[in-house]
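# Observations on chain architecture
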Amino acid sequence: MVEPATESRTQPKALGKMSIVNNVQQQQQQQQAAAPTTAQVNTVTNNSVAGSIPRKSSCVVTVGMMEENRIKQRDMFKVMREKKNALMNQDGGNPNWEFINMIREYQSTIDFRPLVEGQPVDIHQITVCVRKRPLNQKEMTRKEVDVVCIPNKNTLIVHEPKAKVDLTKYLDNQKFRFDYTFDETCSNEMVYMYTAKPLVQAVFEGAMATCFAYGQTGSGKTHTMGGTFNGRSQDSNNGIYGLATRDIFELLQSSKYRSNNLVVSASFYEIYCGNVFDLLSNKNKARVLEDGKKQVQVVGLTEREVYSVEEVQAIISSGTNLRTSGQTAANSNSSRSHAIFSLTLRVKGTTKVHGKFSFIDLAGNERGADTVSENRRTRSESSEINKSLLSLKECIRALGRKKHLPYRGSVLTKVLRDSFIGKNIRTCMIAMIAPGMTSCEHTLNTLRYAYRVKELAVIDPDERVDPEEDLIEGDEPVNGGVHNFNDLEQLRSLNENEMTMELYNQHKAISDLQQKEEEVLDNHQRVNEFLERFLPEAKELYNLTNLVDYDQDAYCKRGEELFTQLAEVANSFKDLMSEFRTKLSQEEMVSQAAKLSHRK
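Here the structure is a predicted model, which means the values were calculated and not measured.

### Brief notes about the packing of aromatic side chains
The description of an aromatic ring pair uses the distance of the two centres, along with the angle that the planes make with each other. The tally for this structure, following the rule as stated, stands at 16 aromatic pairs. Taking 6.2 Å as the distance between ring centres and 25° as the angle between the ring planes, the aromatic pair formed by Tyr180 and Phe182 counts as stacked. An identical accessibility class is assigned to Tyr180 and Phe182; each is buried. Relative to Tyr555, the ring of Tyr550 lies with its centre 6.0 Å away and its plane at 85°, an arrangement referred to as edge-to-face. Pairwise contacts between aromatic rings join Tyr241, Phe268, Phe341, Phe357 and Phe359 into one cluster. The ring centre of Tyr170 lies 5.9 Å from the NZ or CZ of Lys164, which sits over that ring. In this arrangement the basic side chain of Lys283 is found over the ring face of Phe277, its NZ or CZ atom lying 5.9 Å from the centre.

So this is what it looks like as structure tokens:
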């Protein structure tokens, strides 16, 4: 009985161990059943590679993305090359096709409404307008780019090509506004209708009218003023000269003015290097002087009465052929002088001026910038052009302000004094521009000049200050009450950006040289006149000695008097020549200083 009890006590322990072992074995069997074998793993892996994309490393992914980007860039560059080639072929392989495309895109946003015939004519005391000529054959051969557009009758835009520091090309679109802007399609007749024609009527009403043609050489000044060229011959019938002359003679015969008994007289002269040359008298030199009444007189100038348009055209043709010209970078036959053609109305049998119309074809403005040339003649020529253009601008601007009128700043404004002084004055400036990209700098200079002329407020003529009464502080009357204004200094103060101190000194030296040259030439003329009288008297005195009983005392006395006069004339002329040489040396030194300053 005891043993069964013990056995019953130990059996549960053995059974407990057996159950733990069994549990562990069962768990291992379950894990083994759950865990796949190596073969099974390989089988699963092979099945996953066959059915899906394998996992790649980051390096492989990056290389793949770079390849895709390269493909996209190649496609993009291919499209860009095709577009570039299309644009280049569109403009005939023009090297400036990028600027052409930028200009084309900009102009596509503009509403173009240019001036057309039939629009009303606005009447201004001072009219400033701009005319753009078309590209000429030479420019088209060079594949020039048209950088000027005219959206409407008052506005002009210059597409100035520029480049950034990184050579990126871009456009600087500069806008200007004037009374009228004429595009390349406008004819001479249309330009005349809105500029000079209103002034013709004013002349018959007693006005002093002036029409200027200003601009770069080759921009169309002579074409506008003189007429269309057919080969080498010029048709003066459709130029402003001819159109105005035709209207003047028509008004003379009209019932309104026939009873005034007016006659027309014409003069034609040029101003070159500060001197006036008469184009109606084989370029004889004339003198510009002020009389006791402070009126400017051109002494020795031919003025011829005319009775038909044909007579006027003959005068213009002969005078134009005599005009001084020379070669420049812009034109092989450049006008290097200012040409002034005037038609004056007077009552028949009197000298009183009823009205006057002056037409001025100015020298090319690029000559005015050439003030540091090696050649003294070119320096003198360019200096005079520069001074006259600045003086002309300030004289026109002074018409609209209570300011001193600096008409003594140049010979041009001196001879046009009557066009700036008085109550009944009408002025018109036609600025001519070339549309080519290589002329862009000259075009902008022309437009800025014309714009400065226009930026004024016209005042009542009764309130305008007389130039002789408007004294500058420090000026004192000289020569019997005639005031000597330093107009050149005033021009510099008004145009410091355009006339540096070095250029001012050069202008002054050249002006002093020209004045001394004039004095020397006048004295030389007096010497020649004296010698013409001296030689016959000297011969007559010598012939007295052929007589046996000639009066020796009278011979000696007369001989002393005669040769004393000769010595005085010779010494005076010698002193003037010495002073003239000194002025030449001074001008050379000042010009060298201006040249060095310009290079810096």
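### Examining empty space enclosed by the protein
This model, assessed by the stated rule, comprises 1 cavity of 30 Å³ or more. Empty space within the largest cavity amounts to approximately 50 Å³. In terms of lining, the largest cavity is formed by Asp122, Ile123, His124, Thr127, Tyr180, Tyr194, Thr195, Pro198, Leu199 and Arg426. Its residues placed into classes, the lining of the largest cavity shows 5 nonpolar, 3 polar and 2 charged.

### Focus on the side chain of Ser358
By the element assignment, Ser358 lies in strand β17 (residues 353-361). Side-chain polar atoms of Ser358 contact the side chain of Ser342, separated by 3.3 Å. With sequence-adjacent residues up to four places away left out, Ser358 is seen in contact with Ala209, Thr210, Cys211, Phe341, Ser342, Leu416 and Ser419.

### A closer look at the UniProt feature "binding site: ATP" (unreviewed entry) in the chain
Taken from the UniProt record, the annotation "binding site: ATP" (unreviewed entry) applies to Gly215, Gln216, Thr217, Gly218, Ser219, Gly220, Lys221 and Thr222. By the element assignment, Gln216 lies in the loop between β6 (208-215) and α8 (221-226). The buried category is assigned to Gln216, whose relative accessible area is 7%. Locating Thr217 in the fold gives a position in the loop between β6 and α8. With a relative accessible area of 6%, Thr217 lands in the buried category.

Cut-offs used in this document
Residues numbered from 1 in each chain as written. Predicted model: local features only at pLDDT ≥ 70, side-chain atom pairs only at ≥ 80, totals over all residues. Heavy atoms only, no water. Phe/Tyr/Trp six-rings, centres within 6.5 Å; stacked < 30°, edge-to-face > 60°. Buried < 20%, exposed > 50% of the residue type's maximum accessible area, 1.4 Å probe, protein only. Lys NZ or Arg CZ within 6 Å of the ring centre and 35° of its normal. 1 Å grid on protein atoms, 1.4 Å probe; cavity = no way out; pocket = protein on both sides within 12 Å on 5 of 7 lines; lining within 4 Å. Points joined across faces, edges and corners; volume = space filled by probe spheres on them. Nonpolar A, V, L, I, M, F, W, Y, C, P; charged D, E, K, R; others polar. Helix = DSSP H or I, 4+ residues; strand = E, 2+ residues; numbered from the N terminus. Polar contact = N/O pair within 3.5 Å; in protein donor to acceptor, adjacent residues only side chain to side chain. Contact = heavy atoms within 4.5 Å. UniProt positions renumbered as here; feature names shortened; annotations may be inferred.

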